[in-house]
Structures are given as structure tokens and as C-alpha cells.
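Working through the structure, step by step
Chain by chain, the residues:
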Amino acid sequence: MPELDLNGVRLLPGHLDAKAQAALVGTVRRICAAAPLMQHVTPRGQPLSVRMTAAGQVGWISDRQGYRYAARHPGGTDWPPIPDLLLRLWADLLPEARAPECCLVNFYGEGARMGLHQDRDEADLSQPVLSVSLGDDGLFRVGGTARGGKTRSVWLKSGDVAILQGAGRLAYHGVDRIRFGSSPLLAQGGRLNLTLRVVT
Ligand SMILES: O=C(O)CCC(=O)C(=O)O
Ligand SMILES: [Fe+2]
């Protein structure tokens, strides 16, 4: 399928075939076994609807103390390593970039969403963020680099890859809703989104 440009965010529809998607689900299950999915709270104590974990040297967490990258899962264990499959995908698509240090795992159950935000907790914003969607369709909204601008929405499907880089690196983005049960990939339904990030 042809590549799309959403306010500088590159979208590669159907980049991963069914076999690659199934293999990635296996790697996510292994990550979750070592570092269980958690429902973080915002600094004000509001629970996020998306459940999260991570792989890599650091993982993104949020609690009463704030949002940040942390060297350990809140349960006290190290984050498991980033799966080779994902490291290869990154190297193939982003040969110029530094190696990713975090793979954030987002799980959207029925009704979960993510509000519009910029990804800017990373130190070097010249480095891209690579996102992989697996499972149920998610309605992805992308705006410009200022809050309140015009936005565009597309349904992200299982196997789609998005790259936030250059002009799109600081684009506001979020997930308004998922079509629960739209994909057979996860037997219990839901959407997984994996983002690879250079953090330091
Ligand atoms: O789920 C998605 O497609 C986007 C996730 C996201 O924006 C994030 O984790 O920062
Ligand atoms: Fe984001």
C-alpha cells in the first residue's frame, strides 16, 4: 500500500504481514510476562485507560511523582530487552537513527483511548519515534506542532507502521477510539501499539 503523510507523520499501511504480526504478539507476551502491563495514573491521580509496560534500558511510567522514563518497572524488575524483530525493523526503516533505548507497549482494551499529546519526554528530539499497530483498529488523530490546530484522522490497522520524524516528530497525536473486536489477531480483542524510542 502507498505511504501516507499526515502532517509530517509517515504512515506505512500494511507494512507488517500476518506472520510478522503474529511473531510480534509472541514477543509482546514475553515482555508482559517479565514486566506486567500496568494501569498508570497521571500526576493528579487519574488512571490512564491504556495499560502499559516496556522493554529496553528504560521504560516510560507515570505516577503521582510525574511522567518519566525509569530504569525499572514499578514492580522492581529490570525491563526485558527490546525484541530483535523490532530492532531489525528500526534498522531497516531508520538506518540513520541511533539505536532505540525503549519499546513502550500500550494495550488498549475496550473503551481505551489516548488524548492528544506530543512525545517530548525524550532528550534528543532529532531522533524518530517508530510506532507499530497490532490487533484492533485504532482511530489515530494527528495535528500540527501547536495545540488546537487542525487535525486529521486515520484508522490504524494491524501491521501498520507510523514514523514520527522531522516535521512530524512533535506533531500532536492521539487515539480517539478503537474498534474493539475488529481484528482476529488478539483472541481476547484489543489493540497493541509498540513505540520504539531513543530516550537519552
Ligand atoms: O497507540 C498509538 O497509536 C499511539 C501511542 C502514543 O502516542 C504513545 O505511546 O505516545
Ligand atoms: Fe505519543
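Just so it is clear, the structure is predicted and the values come from calculations on it, not from any experiment. (Residues numbered from 1 in each chain as written. Chains lettered and ligands numbered in written order. Predicted model: local features only at pLDDT ≥ 70, side-chain atom pairs only at ≥ 80, totals over all residues. Heavy atoms only, no water.)

So, on to the overall build of the protein. Assigned secondary structure in the protein consists of two helices and 13 strands. Its C-alpha atoms give the protein a radius of gyration of 15 Å, within 12% of the compact-globule value 16 Å for 200 residues. Its C-alpha atoms put the protein at 45 × 35 × 35 Å along the principal axes. Expressed as a percentage of its 200 residues, the buried residues of the protein come to 52%. Here the contacts in the protein between residues at least 6 apart in sequence split such that 72% fall between residues at least 24 apart. Carbon together with sulfur atoms contributes 52% to the accessible area of the protein, which is approximately 9500 Å² in total. Between the centroid of the 23 positive side chains of the protein and the centroid of its 18 negative side chains there is a distance of 6 Å. (Helix = DSSP H or I, 4+ residues; strand = E, 2+ residues; numbered from the N terminus. Rg over C-alpha atoms; globule rule 2.2 N^0.38 Å. Buried < 20%, exposed > 50% of the residue type's maximum accessible area, 1.4 Å probe, protein only. Contact = heavy atoms within 4.5 Å. Areas by Shrake-Rupley, 256 points an atom, 1.4 Å probe, with all protein chains shown as cover. Lys, Arg positive; Asp, Glu negative; His and termini not counted. Charge placed at Lys NZ, Arg CZ, Asp CG, Glu CD.)

Let's shift gears to the site of ligand 1. Lining the immediate surroundings of ligand 1 are L104, N106, Y108, M114, H117, D119, L156, H173, V175, R191, N193 and R197. Within the complex, the protein chains bury 95% of what would otherwise be the 290 Å² of accessible surface of ligand 1. Of all the secondary-structure elements, those providing two or more residues to the shell around ligand 1 are strand 6 (102-108), strand 7 (114-117), strand 12 (173-178) and strand 13 (191-197). Its residues assigned to classes, the shell around ligand 1 shows five nonpolar, four polar and three charged. (Near = heavy atom within 4 Å. Nonpolar A, V, L, I, M, F, W, Y, C, P; charged D, E, K, R; others polar.)

To continue, consider the coordination of the iron ion (ligand 2). Protein-derived ligands of the iron ion (ligand 2) are H117 (NE2), D119 (OD) and H173 (NE2), with the metal-ligand distances lying across 2.1 to 2.2 Å. The sequence pattern formed by the donor residues of the iron ion (ligand 2) is H-x1-D-x53-H. Of the two residues, H117 is situated in strand 7 and H173 in strand 12; the sequence distance between them amounts to 56 residues. Looking at H117, the relative accessible area reads 22%, which means it is partly exposed. Since its relative accessible area comes to 7%, H173 is described here as buried. (Donors = N, O, S within 2.8 Å, 3.2 Å for Na, K, Ca; no water.)

Within the secondary structure, A22 is located in helix 1 (residues 18-34). Once the C-alpha coordinates of A22 and L130 are considered, the two residues, 108 residues apart in sequence, prove to be 19 Å apart.

Bringing the confidence of the model for the protein into the picture now. The pLDDT averaged across the protein works out to 97; a share of 100% of its residues lies at or above 70. Across the assembled chains, the prediction reports ipTM 0.99 with pTM 0.97. (pLDDT = per-residue confidence, 0-100.)

Let's shift gears to the pairing of strand 8 (residues 129-135). Sheet faces and side chains relate simply in a regular strand, where the side chains alternate between the two faces. Within strand 8, seven of the seven residues are buried, which leaves the element mostly enclosed by the surrounding structure. Note that strand 8 and strand 11 (residues 161-164) share four bridges and pair antiparallel. Bridge pairing in strand 11 places S131 opposite A162. (Pairing = 2+ DSSP bridges.)

This part is about the nonpolar core. L6, V9, C102, Y108 and F140 are the most contacted members of the largest nonpolar core, which has 30 residues in total. Broken down by element, the residue count for this core peaks at three residues, all from strand 6. Ignoring anything within four residues of it in the chain, the contact list for Y108 reads V50, R113, M114, V175, I178, G190, R191 and N193. Ranked by size, the runner-up nonpolar core spans 28 residues in total, among them A55, F107, L130 and V198. (Core = buried A, V, L, I, M, F, W, Y, C linked by side-chain atoms within 4.5 Å.)

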